[in-house]
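Descriptive structure summary
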Amino acid sequence: MQKRLNTDKAQQAIDKAGLTQTAVADALGVTKEAVSQWLLHKSFPRPNKLLQLGKLLNLAFDDLVIKEDPHAPKVAFRKMRGTKTKNHHIEKAQEIGRFLRHLVPYLPFDTFEMPPVLKSPSCDYDYLRAVTAKVREDINLGPVECVDFTHLIRRFSELQAVVVPVMWGAKQRHENAVHIHLPDSGSTWVYLNLDTNIHDFKFWMAHELGHCLSPSLEGDDAEDFADAFAASLLYPHELAEQAYASIMSQVSPAAKIAHVIGLADQLTISPWTVIGQVNKYAESAGQPQMQLSKSAFPGAVTNFNKKYKNLSEALFGNTELDEHGHPSARDYIEKAEGAFETPFFDLLRKYLKEHDKGPGYVQTVLDMPLLDARSIHAELT
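Please read these numbers as outputs of a predicted model, since none were measured by experiment. (Residues numbered from 1 in each chain as written. Predicted model: local features only at pLDDT ≥ 70, side-chain atom pairs only at ≥ 80, totals over all residues. Heavy atoms only, no water.)

**Looking at the pairing of strand S4 (residues 161-166)**
On a regular strand, one side chain projects to one face of the sheet and the next to the other, so that they alternate. Counting buried residues along S4, 6 of its 6 residues qualify, which places the element largely inside the surrounding structure. Side chains Ala161, Val163 and Pro165 of S4 all project onto a buried face; the interleaved residues Val162, Val164 and Val166 project onto the opposite face, where all are buried too. Of the strand pairs in this sheet, S4 and strand S6 (residues 187-193) are connected by 6 bridges, and their pairing is parallel. In the strand pairing of S6, proline 165 is matched with leucine 192. (Buried < 20%, exposed > 50% of the residue type's maximum accessible area, 1.4 Å probe, protein only. Helix = DSSP H or I, 4+ residues; strand = E, 2+ residues; numbered from the N terminus. Pairing = 2+ DSSP bridges.)

**Some words on the pattern of salt bridges**
All told, the structure shown has 13 salt bridges when counted by the stated rule. The shortest N-O distance in the salt bridge between aspartate 367 and lysine 92 comes to 3.1 Å. Here aspartate 367, found in the loop between helix H18 (359-366) and helix H19 (370-380), pairs with lysine 92, found in helix H6 (residues 87-100); they are 275 residues apart in sequence, far enough to count as distant. Between aspartate 346 and lysine 350 there is a salt bridge, with the nearest N and O atoms lying 3.4 Å from each other. Pair noted here: aspartate 346 and lysine 350 are both in helix H17 (residues 344-355), with a separation of 4 residues, about one helical turn. Linked through salt bridges whose partners overlap, the residues forming this network are Lys134, Asp138, Arg155 and Glu158. (Salt bridge = Lys/Arg side-chain N within 4 Å of Asp/Glu carboxyl O.)

**Side note on empty space enclosed by the protein**
As enumerated under the stated definition, the model contains 3 cavities of 30 Å³ or more in all. What the largest cavity holds in volume is close to 90 Å³. Elements with a contribution of two residues or more to the lining of the largest cavity: strand S5 (175-182) and helix H9 (198-213). (1 Å grid on protein atoms, 1.4 Å probe; cavity = no way out; pocket = protein on both sides within 12 Å on 5 of 7 lines; lining within 4 Å. Points joined across faces, edges and corners; volume = space filled by probe spheres on them.)

**Observations concerning the environment of aspartate 220**
Here aspartate 220 is to be found in helix H10 (residues 219-234). Here aspartate 220 falls in the exposed class, since its relative accessible area comes to 62%. When the C-alpha atoms of aspartate 220 and phenylalanine 149 are compared, they prove to be 26 Å apart, with 71 residues separating the residues in sequence.

**Observations concerning the nonpolar core**
Across soluble globular proteins, you tend to see nonpolar side chains buried next to one another. Leu100, Trp189, Tyr191, Tyr235, Tyr332, Phe344 and Leu366 are the most contacted members of the largest nonpolar core, which totals 99 residues. With 9 residues, the top contributor of residues to this core is H9. Beyond its immediate sequence surroundings of up to four residues, tyrosine 235 is in contact with Ala240, Ala243, Leu263, Leu267, Ile269, Thr273, Val274, Gln277 and Val278. The next biggest cluster of nonpolar side chains, apart from the first, holds 16 residues, and it includes Leu5, Ile14, Leu39 and Leu64. (Core = buried A, V, L, I, M, F, W, Y, C linked by side-chain atoms within 4.5 Å. Contact = heavy atoms within 4.5 Å.)

**Describing H18**
When H18 is considered as a whole, its buried residues turn out to be Tyr361, Val362, Val365 and Leu366. Down the axis, H18 shows its buried residues gathered within 110 degrees of arc, on one side only. Positive phi shows up at aspartate 367, right after H18, with a value of about 50 degrees. (Arc of directions from axis to C-beta.)

**As for the packing of helix H16 (residues 329-340) against H19**
Two elements in contact, H16 and H19, have axes whose closest approach is 9 Å; the angle formed by their N-to-C orientations is 70 degrees. By the criterion of interaxial angle, the relationship of H16 to H19 is roughly perpendicular. In terms of crossing hand, the pair formed by H16 and H19 is right-handed. Seen from H16, the contacting residues are Ala329, Arg330, Tyr332 and Ile333; seen from H19, they are Ser375, Ile376, Glu379 and Leu380. (Axes fitted to C-alpha atoms, helices over the stretch in contact; angles between N-to-C directions. Parallel < 35°, antiparallel > 145°, perpendicular 65-115°, else oblique. Left-handed = near helix turned anticlockwise from the far one by under 90°.)

**Some thoughts on the side chain of aspartate 195**
Among the secondary structure elements, aspartate 195 is positioned in the loop between S6 and H9. Of the residues examined, aspartate 195 reaches a relative accessible area of 9% and is grouped as buried. Reaching out from aspartate 195, the side chain makes a polar contact with the backbone nitrogen of tryptophan 168 at a distance of 3.4 Å. Sequence-distant contacts of aspartate 195, that is, excluding residues within four places in its chain, are made with Met167, Trp168, Gly169, Ala170, Asn310, Ser312 and His326. (Polar contact = N/O pair within 3.5 Å; in protein donor to acceptor, adjacent residues only side chain to side chain.)

**Considering helix H13 (residues 271-285)**
For H13, spanning 15 residues, the distance from its first C-alpha to its last is 21 Å, which sits close to the expected 21 Å at 1.5 Å a residue. Here H13 has its buried residues at Pro271, Thr273, Val274, Ile275, Gln277, Val278, Asn279, Tyr281 and Ala282. Turning to H13, the residues buried within the fold contact helix H7 (125-138), H9, H10, helix H11 (237-248), helix H12 (253-267) and helix H14 (296-305). Sitting at the amino-terminal end of H13 is serine 270, which places a side-chain oxygen 3.0 Å from the backbone nitrogen of tryptophan 272. (Expected span 1.5 Å × (residues − 1).)

**A short note on unusual backbone geometry**
A positive phi angle, near 50 degrees, is found at aspartate 356, a position not held by glycine. Residue position: aspartate 356 is located in the loop between H17 and H18. Residue class for aspartate 356 comes out exposed when judged on its relative accessible area of 70%. Although it is not a glycine, aspartate 367 adopts a positive phi angle of roughly 50 degrees.

**Details of the packing of aromatic side chains**
If you walk through the whole model with that rule in mind, you get 12 aromatic pairs. Ring centres of phenylalanine 99 and tyrosine 361 lie 5.8 Å apart, and the angle between their planes is 45 degrees; on these two criteria the pair is classed as tilted. With phenylalanine 99 in helix H6 and tyrosine 361 in helix H18, this residue pair connects regions lying 262 residues apart in the sequence. Its relative accessible area of 25% is what places phenylalanine 99 among the partly exposed residues. Ring centres of tryptophan 272 and phenylalanine 297 lie 4.8 Å apart, and the angle between their planes is 80 degrees; this geometry places the pair in the edge-to-face category. A residue pair is termed long-range when its members are at least 10 positions apart, and tryptophan 272 in helix H13 and phenylalanine 297 in helix H14 qualify at 25 residues. On the basis of relative accessible area, tryptophan 272 is assigned to the partly exposed category, the value being 43%. (Phe/Tyr/Trp six-rings, centres within 6.5 Å; stacked < 30°, edge-to-face > 60°.)

Take a look at the structure:
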């Protein structure tokens, strides 16, 4: 466990007390340079000086020191629109990651041999064009062919990422996908919310694939790259170039919008992805970007969305559902395993049986209500 000063709280306490770095140094019997090094995270106080600093600033040890786990799970969220990732979201996902470590020994691949990743991921248009062209080649797709769910699912498997299909509802959650990477094993776990519009679900799968290929990125950089990667993979340069010409040839703004909707419909992706990629192409080619009505286009997209079911409705539409619209535990496990070719439930089944774990473990790793976890536990054991 590594430790560093909580410099934000330390500096606030220094300012509140009206002290300078020189005054802190004099009180502790050290040089001003030593205090500066502490606050810049270039060194860490010896135990006796740390104790004196806490007393001087009236800060408890837990407020003054941040403990860092070098193997702490790395998490990323595909958020619901308008939500913000807060510390408790990160802490909860990291806790799930710590529980997932118990499943690592049961993985069907060698976690000591790292899958290929991108060395210097970037949102540069030409870079993304080259990277996503290579991914398309790897999954046996031509430059303008439609990426379907099977292509994405099998690429996850090749990258040693475990897909965890969950049913988190359509609106209740902060996130619609969670990516958890465990540095100590090199394993990656991708939670995907099935209660999501189909074309959004495809984008989020591609977004999570972007995360799998760029584990070196964190925070906003990671999210920006994953979004740009997903858009470029689903609607590449060649399609954007064709679309730019065909959209421009439409005779009216309404016709342009209808054409964008039609192009999106052909590939089961969002019209926002189409117009976003078309405008990125235009910028790269030195052409004027497409300007669509700021009121009419969002309204048309909303109507377009209503045409599609949630993935959970499509997946479980022919099965008997409970009062919450959820399938039985057996149907959920069987259809999720089959559709996503995921080893997750088999890993969970083996761990529960070998270690005699109860529903509480299922509740934690699937982040679901205990009642649902009991049903899943009973089915797996």
